[in-house]
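# Architecture at a glance
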Amino acid sequence: MLENKEIKEILKIKGMVRGVVFQSDAQYVLKKEGEAGLKKLEAAIAKTGQLIRYKEVKAVSWYPLSWRVLSLLFIQDTFSWDKQEMFKMGLTAPKFSFLVRTLLKYFISVKKTFKESEKYWEEHYSTGTLETFKFDLKNKYLILRLKNFKIHPLLCSYLRGYFQTITAFVIKASKMTSEETKCMFRGDPYHEFVIKW
Amino acid sequence: MDLDDLEKYIRDFSYFLPLPVCTLNPTGIIIDINQSAKELTGYDEITLIGQDIEFLFEDKESAGRLLREVLKKGVVRNKSANLLTSGKGKMAVSVSASARKDVQNNIIGYFIAIFNISELKKLQEGLETKVKVRTGELEGSQKALLNILEDVEEARKGAEEEKNKTLAIINNFTDGLFVFDEKNKVLLINPQAGDFLKIKKEDIIGRFFSELSKVAALKPLVEILGERIDKISKKEFKIKEDLVLEITIAPVMREKEKLGSLLILHDITREKLIEELKTEFVSLAAHQLRTPLSAIKWTVKMILEGDLGKINKEQREFLEGTYKSNERMINLVNSLLNVSRIEEGKYISNLVLTDIEELVKKVIISYKKESQKRGTRIEFRKPKKKLPKIMLDVEKMRIAIDNLMKNALKYTIKDGKIIVSLSGRKKEIEISVKDNGIGIPKSQQKMIFIKFFRGTNVSKIDTTGSGLGLYITKNIINAHKGKIRFESKENIGTTFYITLPIVRGKFTEFLKGF
């Protein structure tokens, strides 16, 4: 159970996020826990005086970034999901995302596609920057760096899954793995995600 | 319109769109599917998005080929494929694809529309099967029909060939032929018939037999044949001095069905001429032989009666033998002369009203001595009432009855009994001569009236017979418009029956026949 103090701290987080992320959350909860699960989640959030009505969220409207953290935390708390489940949630999120389908551009050149990923981040978050630090087709790996985005450690697992799926959308591979090699919550200057296939 | 409205519009539209659509990135990875695609494939977004499009198709390489074709052409429509669904197995689909481009005209992926044609395919396959089966049936029927037509054509050719052969035979036949159908209408006549009768086939074909008398050249022929040609008959027809035809009518039968009749005109002119010459020769020879035989007869008789002096016993025996042989020779010559006259048609000449009973009695009496000598009893059964007199050539009728009596006596060996009966009916008189002699073998009964024929059993008993007696008798009876028949069983006996017509008041008509 999240404490009010913690919630208040989270609400202090600045920045905005597109509503699509909440839609993705809701889709995943619906898949895993059904309609009752979603209602349970909304009720749990409402108890704290906050109000996230997932079905009313508009995909491209901007919402407080703090809600992003709260949504994930309440999901984890309500359903007692661990980090691995949060990672899985991140893995499936792009599959429900209207923005991924419409705003993320795919090109015949994979390299060019990843160059566009910075713009894609900007379409979702008003803070932080995503950089394709290295893209090695020959050795089959990709290094993404997320800078200026020290929001909440829970997002790290989620985003790792998210970036892995985005990479899978571009790279054809039978097996793909991901790892957060650097984390701002571990004292690193940025988050670094290495995705291999 | 803001982005939210746009997003909602796209989401609603995508949800509503009944056509299953997948959005692919340029490498063929599925990045979006609509509701219809989920329903069609049975997969949700989690499973399907991120998969290579080939995941959905049975022929994995076909997906790659499709995208390459889209890259070339921009759009590819209605490619048949088999979709691998979740839960519904393999599904026949039609796939259309187009390239997806950004505003700078860069290819940023593909849209793939998948249309379920499994029902259509089933229908099509069903139709194809039906068409195939029907085509097969039709081909079979066509083949069977062609075979039948070939058989019919072959049969037609065969029939045509047979017809031509038959026509060739008919046309080249030395006999003249008329072919009538079952209604006695002339179907064809051959050239020989035309030559014999001096007629053209065009004038005859198609006419009924009854109409042929209207053709002058055929009138005598129709008169000879009478009104009907449906009975087997054989007649002679003298067209002119140097042409005599034997006319035969025979039915044309197929099993028991009568198809028509055949009238055959056979030229017997030569045979008739030979017969006439033979008869003339026999007549001439018999006449020439009779004079010396008569002289011998009277000379031997004079010697035997002692007119030329006394002769001893041995001389008498030799002369008696000579006399008997000479008598037999005279009888034979007389018979030959009778045959010649019969064949010349000059045999019956002196018809008078005769009491047949008296005539029969006389013949019986003439055999009294001979029968006593042989131990054969002769019984005469008279008619119950007096018979009318009839027109007869007495001399010839006596020969006829005499021949029957002679045979009866000669071929009845011991305990013989001959019954001669005379009876009268309304229109005819019947004379019968019954014996209990050796009889006529069954196999030879048909030939008994043929000139010079002698039964094998009689030849053993008597070697002196000429085989002319019954021939002469039959001709005499026929000449009197009578009939002769017999019943016989070997070793039991024979009965000959003669029937003669009673003619009252139509002498002139009757005489026409002689």
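Residues numbered from 1 in each chain as written. Chains lettered and ligands numbered in written order. Predicted model: local features only at pLDDT ≥ 70, side-chain atom pairs only at ≥ 80, totals over all residues.

## Re the overall build of chain B
Formally: A run of DSSP states H or I qualifies as a helix once it reaches four residues; a run of E qualifies as a strand once it reaches two. Both are numbered from the N-terminal end. Any residue surrounded by 20 or more other C-beta atoms within 10 Å of its C-beta is treated as buried, while 12 or fewer makes it exposed and the intermediate range makes it partly exposed; C-beta atoms here are placed from the backbone. In this description, a residue-residue contact is defined by the distance between C-beta atoms placed from the backbone, which must lie within 7 Å.
Scanning chain B from terminus to terminus reveals 16 helices and 17 strands. Of all 514 residues assigned to chain B, the portion counted as buried reaches 25%. Put simply, of all contacts in chain B between residues at least 6 apart along the chain, 53% involve residues at least 24 apart.

## Brief notes about the overall build of chain A
Scanning chain A from terminus to terminus reveals eight helices and six strands. In chain A, the succession of helices and strands from N to C terminus is α-β-α-β-α-α-α-α-α-β-β-α-β-β. The buried share among the 197 residues of chain A stands at 42%. The contacts of chain A with a sequence gap of at least 6 include a subset with a gap of at least 24, amounting to 66%.

## Examining the packing of helix α13 (residues 394–410) of chain B against helix α15 (residues 469–479) of chain B
Residues and elements named next belong to chain B. This is how the line gets drawn: Lines fitted to C-alpha atoms define the axes, with helix axes restricted to the stretch in contact, and inter-axis angles between N-to-C directions lie between 0 and 180 degrees. Angle categories are assigned with fixed cut-offs, so that under 35 degrees is roughly parallel, over 145 is roughly antiparallel, 65 to 115 is roughly perpendicular, and the rest are oblique. Should the near helix be turned counterclockwise from the far one by less than a right angle, the crossing is left-handed, whereas a clockwise turn marks it as right-handed. Each residue is assigned to one class: nonpolar for Ala, Val, Leu, Ile, Met, Phe, Trp, Tyr, Cys and Pro, charged for Asp, Glu, Lys and Arg, and polar for all the others, Gly among them.
For the pair α13 and α15, the least separation of the axes is 9 Å and the interaxial angle reads 140°. Overall, the two elements α13 and α15 adopt an arrangement that is oblique. Regarding α13 and α15, the two cross each other, and that crossing is left-handed. Taken together, the residues of α15 that come into contact with α13 (itself represented by Lys-396, Met-397, Ile-399, Ala-400, Asn-403, Leu-404, Lys-406 and Asn-407) are Gly-469, Leu-470, Ile-472, Thr-473, Ile-476 and Ile-477. Each residue belonging to the contact of α13 with α15 can be placed in one class, and the counts come to eight nonpolar, four polar and two charged.

## What about the interface of chain B and chain A?
At the interface, 21 residues of chain B touch 19 residues of chain A. Listing elements by their share of the side of chain B that touches chain A, those giving two or more residues are α1 (3–16), β2 (30–33), α3 (45–48) and β5 (107–116) of chain B. Among the elements that take part in the side of chain B that touches chain A, α1 of chain B stands out by supplying four residues, more than any other. Its residues assigned to classes, the side of chain B that touches chain A comprises eight nonpolar, six polar and seven charged.

## Some details on the packing of helix α2 (residues 20–47) of chain A against helix α4 (residues 83–96) of chain A
Residue and element names in this part refer to chain A. Between α2 and α4, the least distance of the axes is 9 Å, while the angle of their chain directions is 115°. What the angle tells us is that α2 and α4 run roughly perpendicular. The hand of the α2/α4 crossing is right-handed. For the pair α2 and α4, the contacting residues are Gln-23, Ser-24, Gln-27 and Tyr-28 in the first and Met-89, Thr-92, Ala-93 and Phe-96 in the second. When its residues are assigned to classes, the contact of α2 with α4 shows four nonpolar, four polar and no charged.

## Looking at the confidence of the model for chain B
Just so we agree on the cut-off: The pLDDT value expresses, per residue, how confident the predictor is, ranging between 0 and 100.
Across chain B, the average pLDDT comes to 87, with 97% of residues at or above 70. For this predicted complex, the interface score ipTM comes out at 0.84, alongside a pTM of 0.49.

## A short note on the pairing of strand β6 (residues 176–181) of chain B
Residue and element names in this part refer to chain B. Put simply, the test is: Only strands joined by at least two bridges in the DSSP assignment are considered to pair.
In β6, alternate side chains face the same way, and those of Gly-176, Phe-178 and Phe-180 are buried while those of Leu-177, Val-179 and Asp-181 on the opposite face are not. With six bridges joining them, β6 and strand β10 (residues 257–267) adopt antiparallel strand pairing. What sits directly across from Gly-176, in β10, is Leu-265. One ladder, built from three bridges, connects β6 with strand β7 (residues 186–189); its direction is antiparallel. The residue bridging Phe-180 from the neighbouring strand is Val-186, located in β7. Counted along the chain from β6 to the antiparallel partner β7, the turn is four residues long, and its residue Asn-184 has a positive phi close to 65°.

## Structural notes on the sheet that holds strand β14 (residues 417–424) of chain B
Residues and elements named next belong to chain B. An order of β12-β14-β15-β17-β16 is seen for the five strands of this open sheet, with the pairing classed as mixed. At either end of the open sheet lies a strand with only one pairing partner, and these are β12 (377–381) and β16 (483–489). Between one strand axis and the next, the sheet turns by 10° as a mean value, whatever way the strands run. Relative to strand β15 (residues 428–435), β14 runs antiparallel, the two sharing seven bridges. Bridging from a neighbouring strand, Ser-421 pairs with Ser-432 of β15.

## Examining the environment of Thr-23 of chain B
Turning to its location among the elements, Thr-23 of chain B is positioned in strand β1 (residues 21–24). Separated by 89 residues in sequence, Thr-23 of chain B and Ile-112 of chain B have C-alpha atoms that sit 6.3 Å apart. The contact partners of Thr-23 of chain B, leaving out residues within four places of it in the chain, are Arg-101 of chain A together with Ile-31, Asp-32, Gly-109 and Phe-111 of chain B.

## What to know about the nonpolar core
The cut-off we apply is this: Think of a nonpolar core as buried Ala, Val, Leu, Ile, Met, Phe, Trp, Tyr and Cys residues chained together by C-beta atoms that fall within 7 Å.
One finds Tyr-158 of chain A together with Leu-24, Ile-30, Ile-112 and Ile-114 of chain B to be the most contacted residues of the largest nonpolar core, which totals 82 residues. Those residues in contact with Tyr-158 of chain A that lie beyond four places of it in its chain are Leu-72, Met-86, Phe-87, Met-89 and Gly-90 of chain A. Ranked by size, the runner-up nonpolar core spans 37 residues in total, among them Leu-392, Met-405, Val-420 and Ile-472 of chain B.

## Here we look at unusual backbone geometry
Negative phi characterises most residues that are not glycine, and trans characterises most peptide bonds. Residue and element names in this part refer to chain B. For Glu-255, which is not glycine, the phi dihedral falls at a positive 55°. Turning to its location among the elements, Glu-255 is positioned in the loop between β9 (243–254) and β10. Positive phi is not limited to glycine here, since Phe-452 has a value of about 70°. Note that Phe-452 resides in the loop between β15 and α14 (456–461).

## Concerning the sheet that holds β6 of chain B
Residues and elements named next belong to chain B. Spatially, the five strands line up as an open sheet ordered β7-β6-β10-β9-β8, and their pairing is antiparallel. Edge strands, defined here as strands with exactly one partner in the open sheet, are β7 and β8 (233–240). Strand-to-strand twist across the sheet, computed as the mean angle between neighbouring axes with direction ignored, equals 20°.

## Looking at helix α3 (residues 65–79) of chain A
Residues and elements named next belong to chain A. Note the following rule: Working rule for helices: expected span equals 1.5 Å times residues minus one.
With 15 residues, α3 extends 22 Å between its outermost C-alpha atoms, agreeing within 8% with the 21 Å of an ideal straight helix rising 1.5 Å per residue. For α3, the buried fraction is high: 11 of the 15 residues fall into the buried class. Inspection of α3 places Leu-65, Ser-66, Trp-67, Arg-68, Val-69, Leu-70, Ser-71, Leu-72, Phe-74, Ile-75 and Thr-78 among the buried residues, and these make up the whole buried set. For α3, the secondary structure elements touched by its buried residues are α1 (4–11), β1 (16–18), α2, β2 (62–64), α4 and α8 (153–170). Count one or two residues on from α3 and you reach Ser-80, which has phi positive near 55°.

## Focus on the environment of Lys-111 of chain A
As for its position among the elements, Lys-111 of chain A is in helix α6 (residues 110–115). For Lys-111 of chain A, a count of 12 C-beta atoms within 10 Å translates into the label exposed.

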